[in-house]
Amino acid sequence: MSATLSVARAVARRSLIHAFTNPALLIPSIIFPLIFLVSFAGGLSAVRNVPGFDFHGNYTAFQFVFVFLQSAAFGGVFTGFGIAADFESGFARRMLLASPHRSGMLLGYGFAGIVRWCVTAVMVTVASLLAGMTVYGNGVELVGLVGVGLLVNVTATLFGAGVSLRAKTLQAGPLMQIPVFTGLFLAPVYVPLKLLTGWIHTVASYNPVTALMTAGRGFLSGDPNKSALAFACGAGLVALMVIYALRGLRRVERGL
Amino acid sequence: MIDREALREIGMIAGRSVRRTLRQPALIVPVVLFPLMLLAINASGLDVTKKIPNFPADSYLDFALVVTFMQGGLFAATTAGTELANDIETGFLNRLQLTPLRAPAILIGQLAGAMVVAFIASVVYLAVGLLAGAQIKAGVGGALVLIALAMLVALAFGGLGAIIGARTGSAQAVQGMFPLLFVFFFLSSMNLPRNLIEADWFRTIASWNPVSYLVEGLRSLVISGWDGTALWRCLVTAIAISIVGFAGASSSLRTRMART
Amino acid sequence: MLTYRAMSHDGITVSGLVREFKGGIRAVDGIALEVQPGEIYGFLGPNGAGKSTTVHMLTTLLPPTAGSATVAGFDVATRGPEVRRRIGAALQEAALDAFLTGREHFELQGGLHGLPKAERGARAVELLERVGLTEAADRKVGGYSGGMKRRLDLALALVHRPSILFLDEPTTGLDPQSRSALWGEVARLAKQDGVTVFLTTQYLEEADVLADRVGIIDQGRIVAEGTPQALKQEIGRSSVEAIPANPDAREAIESVLRRFGEPAAAGPKGVAVRLEGGSESLGDVVRALDAEGLEVAHLQLHAPSLDDVFLAKTGRSLEGAEEEERAEEAVPS
């Protein structure tokens, strides 16, 4: 176990140094969530006045949860990009040869992904608070919100890792981005679920991200809703992606 | 002065640009599919906005259709810039410089490829939008003007992309410009009309943002019919950005092409 | 657009040519040379010596900072278009479009040079055949090997029948077979078609085998110029290397050899001197060693190489100069 952890530590350290010393990697992961926040919370705030908009809080708070989870998801995708880049440059091969316990590598990338996301999450939270976001959740509920974010981040990181381990090239970037983007947007992004109509209502009703988003909004507004379902969905997604990523790792090992 | 020889040269470079663009599905498919996906999501997800008093359209689909054309223009920017940067990185620009080819022909020809992608994408967006039930208030003529304006928007953004491509000679730098253009897109009247934006600061930014006038001009053809004011503002903005883009890219290219 | 016809002033004249970059770096520091029509001129030097910069100036891609050069009778600084009509160039990067086929490259290049459509097609067929790319002509260049790309690059440089051809390290990165094939084509161009060739290279053998005359450049200056044979003769003298049968006898063997010339570079086990009397004194060396009763496991005569010329002129070996350049590049400033 300690060997696995030491591999994880080394991989995480390297991944974080790389991420934080490369503006080209760091800046997009911070800018995109902030753009969404400003654009949706600022530009679409009139939507809050639509009859039946059932949310205890202002529109900035409503959108904050989406942006919070979006930053978590895309933080995971960017970590996946980093793994793909390591394969393209040959560095991943070096790490695979040097690591006694290769699952430690996944752990390391995952840990680095969480740390990176924390930086973005803090920036997004501060920006939202400055924009007047209402916060009615208590301490436990806010921890619950962070927990939802972590589940999304870990899921996305493991998904990105799984794709990268199979494709081993940055050209697989869209294969990581598009499913995550689609998963996020086929959820109640702009209005609560009951105000969605047509096909998107049906799709969103079955989308696990909807449960995560609804629970997150419930935590923030002090009105917990679907929390158990959300954590169950999150845990299920993480479990699925752990299998996906580990299988990807085994494939790489067989190819060595 | 554009003479026959110059036209011939532009045609050759444009032909190459179009051919190589069409041979890269990875350049075309996301440009076509991604905006349509977003349109489908937003048209459904934001349909409630038609209940907002004074909302100017019968459906959010009609309102948001032109956002796809704008996104197509954004992709044109990165395509034009990336292709030019690639030519610089690979030395293909040197090959062109060793021929009698005139410098402006290189730029115009490169932009042609981006505009072909924009044209194909625009036709697809329009067709899908109409199939999904969108109605173009300005009729068939309006639809044709819509496509023409969309190509002008693509040319405008393509020029901006070409500036970065020519200045940096790096495809990565061009890709890095994407977030910046993205910001301009979102800080506009893309999602709601300006008069319905509640946040004063956002409305002010949107009013100063040239992208708002591009969006409003294109949108007017769909939801209003022939709105002269919106159309001339859109045209002037697109032409102004095109001139800035072309002048900037030409200047950067001239610096890079030091041939005697 | 006229197709250029060979004329008597299809040569290159360079005088005091300088190219300075930002920070006062003089990549080319006052070179002078002359290339006769129909000649193959080899421009030999390590990485960073100024070879490519010189080629860029002579092909009008870069204006000189000072000095002058005429190519095909036209000043490169003021008559760029006329120069470009008469030259072809295959530069360091193959500079091809991965998404176009070989044939489409000819269409484009020929068209840009003003060849009529029919002639473009015929010229493409002819040149593709010449460089052995007929079968691959309609495949996208992205799928070509390195050797195929170089051959296509060379063929494209010839599409408008230039009288002067610039080749910037044309065989770098190629396998021995591809290199040999390219040499054959270059030699044929010069000898049969009368094309003047200005070739830069870092490979001694390439300059030795191909070039009629060689200019050796180091740190922006020409340090030696002449035919390969004359340059080697100027330096000299062959060297002899002896590997002792008994390592203890090494000093004794060295002192015998020293009677015949100055010390020269040798392998780890051997001793070597440069023979003052040339290769004819080899017999005297053998007799002298015999007379001292010294046994030799191996005795080798080395003819002088262009590397010896470079060593004599710069104090460094050409290969050593490359390692220095690499080391300098690796150290952050």
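Residues numbered from 1 in each chain as written. Chains lettered and ligands numbered in written order. Predicted model: local features only at pLDDT ≥ 70, side-chain atom pairs only at ≥ 80, totals over all residues.

J.: I'm lost on the overall build of chain C in this one. Help?
T.: Check the secondary structure of chain C and you find 12 helices and 14 strands. Considering only C-alpha atoms, chain C reaches an extent of 80 × 45 × 45 Å along its principal axes. Burial statistics for chain C: of 333 residues in total, 46% are counted as buried. Considering only intrachain contacts with a sequence separation of at least 6, the fraction spanning at least 24 residues in chain C is 69%. (Helix = DSSP H or I, 4+ residues; strand = E, 2+ residues; numbered from the N terminus. Buried ≥ 20, exposed ≤ 12 C-beta atoms within 10 Å, placed from the backbone. Contact = placed C-beta atoms within 7 Å.)

J.: Would you mind showing me how to read the overall build of chain A here?
T.: Secondary structure assignment for chain A yields 10 helices and zero strands. In terms of C-alpha radius of gyration, chain A reaches 19 Å, essentially the compact-globule figure of 18 Å for 256 residues. Looking at chain A alone, contacts between residues at least 24 apart form 81% of all its contacts between residues at least 6 apart. (Rg over C-alpha atoms; globule rule 2.2 N^0.38 Å.)

J.: In this structure, what is going on with helix α9 (residues 210-223) of chain B? I would like to understand it.
T.: All names here are of chain B. End to end, α9 covers 20 Å across 14 residues, agreeing with the expected 20 Å (1.5 Å per residue, within 8%). With 13 of 14 residues buried, α9 is to be regarded as a mostly interior element. A positive backbone phi angle near 105 degrees is found at G225, which sits one or two residues after α9. (Expected span 1.5 Å × (residues − 1).)

J.: Where do I start with the interface of chain A and chain B in this structure?
T.: Taken residue by residue, the interface counts 29 residues in chain A and 24 residues in chain B. Only α2 (23-43), α7 (173-185) and α8 (199-206) of chain A provide two or more residues apiece to the side of chain A that touches chain B. Grouping the constituent residues of the side of chain A that touches chain B by class yields 21 nonpolar, eight polar and no charged. (Nonpolar A, V, L, I, M, F, W, Y, C, P; charged D, E, K, R; others polar.)

J.: Can you help me understand the sheet that holds strand β5 (residues 74-75) of chain C in this one?
T.: Sheet architecture is open: four strands sit in the order β2-β1-β4-β5 (chain C), paired in antiparallel fashion. Single-partner strands in this sheet number two, and they are β2 (25-35) and β5 of chain C. (Pairing = 2+ DSSP bridges.)

J.: Help me understand the sheet that holds strand β8 (residues 196-201) of chain C in this model?
T.: By definition, the strands of a sheet pair up through backbone hydrogen bonds, in either a parallel or an antiparallel sense. All names here are of chain C. Pairing in this open sheet of six strands is mixed, and the strands run β6-β7-β8-β3-β9-β10 from one edge to the other. The strands lining the two open edges of the sheet, one partner per strand, are β6 (87-90) and β10 (221-226). Here the average twist between neighbouring strands, direction ignored, is 15 degrees. Relative to β8, strand β7 (residues 164-168) runs parallel, the two sharing five bridges. (Axes fitted to C-alpha atoms, helices over the stretch in contact; angles between N-to-C directions.)

J.: What is the right way to read the pairing of strand β4 (residues 66-71) of chain C from this model?
T.: In the case of a regular strand, side chains alternate between the two sheet surfaces. Residues and elements named next belong to chain C. Judged from the five bridges that link them, strand β1 (residues 12-21) and β4 form a sheet pairing that is antiparallel. Its bridge partner being in β4, T13 is matched across the sheet by T70. As paired strands, β4 and β5 are joined by two bridges and run antiparallel to one another. If you follow V71 over to β5, its bridge partner there is F74. Linking β4 back to β5 in an antiparallel pair, the connection comprises two residues, with A72 at a positive phi of about 55 degrees.

J.: I tried to follow the interface of chain C and chain B on my own but got confused; where do I start?
T.: The figure often quoted for interface size is the accessible area lost as the parts come together. Each partner contributes to the interface: chain C provides 23 residues, whereas chain B provides 20 residues. Counting only elements with at least two residues in the side of chain C that touches chain B, the list comes to α2 (80-86) and α3 (102-112) of chain C. Of all the elements, α3(C) adds the most residues to the side of chain C that touches chain B, at four residues. Along the lines of polarity and charge, the residues of the side of chain C that touches chain B split into 13 nonpolar, seven polar and three charged.

J.: Any chance you could explain the nonpolar core here in plain terms?
T.: Looking at soluble globular proteins, one finds that nonpolar side chains tend to be buried together. If you look at the biggest cluster of nonpolar residues, it comprises 243 residues, and the most contacted ones within it are B:V153 and C:V197. Beyond its immediate stretch of four places on either side in the chain, B:V153 contacts B:F69, B:M70, B:G73, B:L214 and B:A238. One finds C:A242, C:V256, C:A272 and C:V273 within the second-largest nonpolar core, a separate group that totals 12 residues. (Core = buried A, V, L, I, M, F, W, Y, C linked by C-beta atoms within 7 Å.)

J.: How do you make sense of the environment of C:E20 when you look at a structure like this?
T.: Residues and elements named next belong to chain C. Here E20 shows up in strand β1. E20 gets classed as partly exposed once you count the C-beta atoms within 10 Å, which come to 15. Measuring from C-alpha to C-alpha, the distance between E20 and P64 comes to 8.0 Å, with 44 residues separating the pair along the chain.

J.: What exactly am I supposed to notice about the environment of A:V115 here?
T.: All names here are of chain A. Mapped onto the elements of the fold, V115 is located in helix α5 (residues 103-130). A residue is classified by how many C-beta atoms lie within 10 Å of it, and V115, with 15 of them, is partly exposed. V115 sits 103 residues away from A12 along the chain, and the two C-alpha atoms are 9.2 Å apart.

J.: What am I meant to see in the confidence of the model for chain C here?
T.: When pLDDT drops low, the exact placement of atoms in the prediction is not to be read closely. Residue and element names in this part refer to chain C. Overall, the predicted model of chain C reaches an average pLDDT of 88, with 93% of residues at or above 70. Looking at the elements of chain C, mean pLDDT is at its lowest for helix α12 (residues 318-330), recorded as 51, and at its highest for β4, recorded as 97. In this model residues 1-7 is a low-confidence stretch, pLDDT under 50, and it forms 13 contacts with partners more than four residues away in sequence or in other chains. Contacts of residues 325-333 to residues separated by more than four positions or lying in other chains number three contacts, the stretch itself having pLDDT below 50. Complex prediction metrics read pTM 0.80 and ipTM 0.85. (pLDDT = per-residue confidence, 0-100.)

J.: I tried to follow unusual backbone geometry on my own but got confused; where do I start?
T.: What is expected of a backbone is that most residues other than glycine have negative phi and most peptide bonds are trans. Located in the positive-phi region is A:K168, a residue other than glycine, with phi close to 55 degrees. Residues other than glycine seldom take positive phi values, yet C:E169 does so here, at roughly 50 degrees. With respect to the helices and strands, the residue C:E169 is situated in the loop between β7 and α6 (176-193). You can call C:E169 buried: it has 21 C-beta atoms within 10 Å.

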